[in-house]
Amino acid sequence: MSTPIVMTVIGEDHPGIVSTLSEILARHGGNWMQSSMSTLAGQFAGILLATLPDSTVTDFLDELGELGEQGLDVIAHTAERAPAQADSESWVLDLIGHDRPGIVQEITAVLAQFAVNVEELETEVASASMAGGALFKAHATLSVPTNVEPDDLEHGLEALANELMVEFRRKR
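Each chain carries its own residue numbering, running from 1 in the direction its sequence is written. pLDDT decides what is reported in this predicted model: residues at 70 or higher carry local features, side-chain atom pairs at 80 or more are listed and counted, and totals for whole chains, interfaces and linings draw on all residues regardless. Just so you know, side-chain values use all the structure's heavy atoms and leave hydrogens and water out.

(A) Representation of the nonpolar core in the model. Residue types Ala, Val, Leu, Ile, Met, Phe, Trp, Tyr and Cys, when buried and joined through side-chain atoms within 4.5 Å, form a set referred to as a nonpolar core. Using a 1.4 Å probe on the protein chains alone, a residue whose accessible area is under 20% of its type maximum counts as buried, one over 50% counts as exposed, and one in between counts as partly exposed. Core analysis: the biggest nonpolar cluster contains 21 residues, and L93, L142, V144, L153 and L157 have the highest contact counts within it. Every element with two or more residues in this core is listed here: β5 (88-98), α3 (103-113), β7 (134-145), α4 (150-158) and β8 (165-170). Segments assigned H or I by DSSP are reported as helices when at least four residues long, segments assigned E as strands when at least two residues long, and all are numbered from the N terminus. Here this core gets five residues from one element, more than from any other, and that element is β7. Between two residues, a contact is recorded if the distance between any of their heavy atoms is within 4.5 Å. Apart from residues lying up to four places away in sequence, V144 is in contact with D87, S88, E89, W91, V116, L153 and F168. With 16 residues, the next largest nonpolar core counts I5, L25, L48 and L52 among its residues.

(B) Just the sheet that holds strand β3 (residues 43-53), in detail. At least two DSSP bridges between two strands are required for those strands to pair. Spatial ordering of the open sheet is given by β2-β3-β1-β4, a layout of four strands whose pairing is antiparallel. What marks the edges here is a single partner per strand, and that holds for β2 (31-40) and β4 (72-78). Direction aside, neighbouring strands of the sheet carry axes that sit 15° apart on average. Pairing of strand β1 (residues 2-12) with β4 involves seven bridges; the strand directions are antiparallel. Bridged to I10 within β4 is D73. Running over the sheet, helix α1 (residues 17-27) touches β1, β2, β3 and β4 and is turned about 160° from β2. Angular values range over 0 to 180 degrees, each being the angle between N-to-C directions of two axes fitted as lines to C-alpha atoms, with helices fitted over their stretch in contact. Sheet contacts for helix α2 (residues 57-65): β1, β3 and β4; angle to β1, the most-contacted strand, approximately 5°.

(C) Main features of the packing of aromatic side chains. Aromatic pairs are defined between Phe, Tyr and Trp rings, using the six-membered ring for Trp, whenever the two ring centres lie within 6.5 Å; interplanar angles under 30 degrees are classed as stacked, those over 60 as edge-to-face, and all others as tilted. With the rule as written, the count across this model stands at one aromatic pair. Aromatic pair W91 and F168: ring centres 4.6 Å apart, planes at 15°, arrangement stacked. Highlighted residues: W91 in strand β5 and F168 in strand β8, separated in sequence by 77 residues. No difference in accessibility class separates W91 from F168, as the two residues are buried.

(D) Seen up close, the sheet that holds strand β6 (residues 117-127). Judged by pairing direction, the sheet is antiparallel, and its four strands sit side by side in the order β6-β7-β5-β8 without closing on themselves. Edge positions in the sheet fall to β6 and β8, since each of these pairs with one other strand and no more. Shown here is a sheet whose adjacent strand axes are inclined to one another by a mean of 15°, direction ignored. The sheet contact formed by β5 and β8 spans six bridges and is antiparallel. Directly across from W91, in β8, lies its bridge partner R170. The strands that α3 touches are β5, β6 and β7; relative to β7, the one it contacts most, it runs at about 20°. Packing against the sheet, α4 makes contact with β5, β7 and β8, and its axis sits at approximately 160° to β8.

Right, here's the structure in full:
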């Protein structure tokens, strides 16, 4: 049997971080399943899903713990495979609007009001060259309950600000 493990890794960015993680995983017979990694303000930040043979999990976790000596903070959790939610559908949300403090909280409050689960979220703030100021951009994959009317959710998000552009579509 295999055990899924979800890890977060953060530390000062430098060449070789991903290579080190993959070497440790390979040494313990693990499989790199899914990841998202970035450099933010000079820090490497990553999240990774791996599977390992049950017999190697303890040694793998011990070796990950030693990465602290290299300046990497690693948090690892064994995970159960989550059952698919039968009463929901996968949707994609793209938003663009003027950036302001609290915009993520406002957006996620609307999503929570409709019992929407955020599965993936990518955000950035970019220069609004023509209008001046900064633009907030978000791309999300959402699990939307089937009893939620997509138009109601879209209108709830658009009501946050007149200048907020919302594109909401079923994931294919």
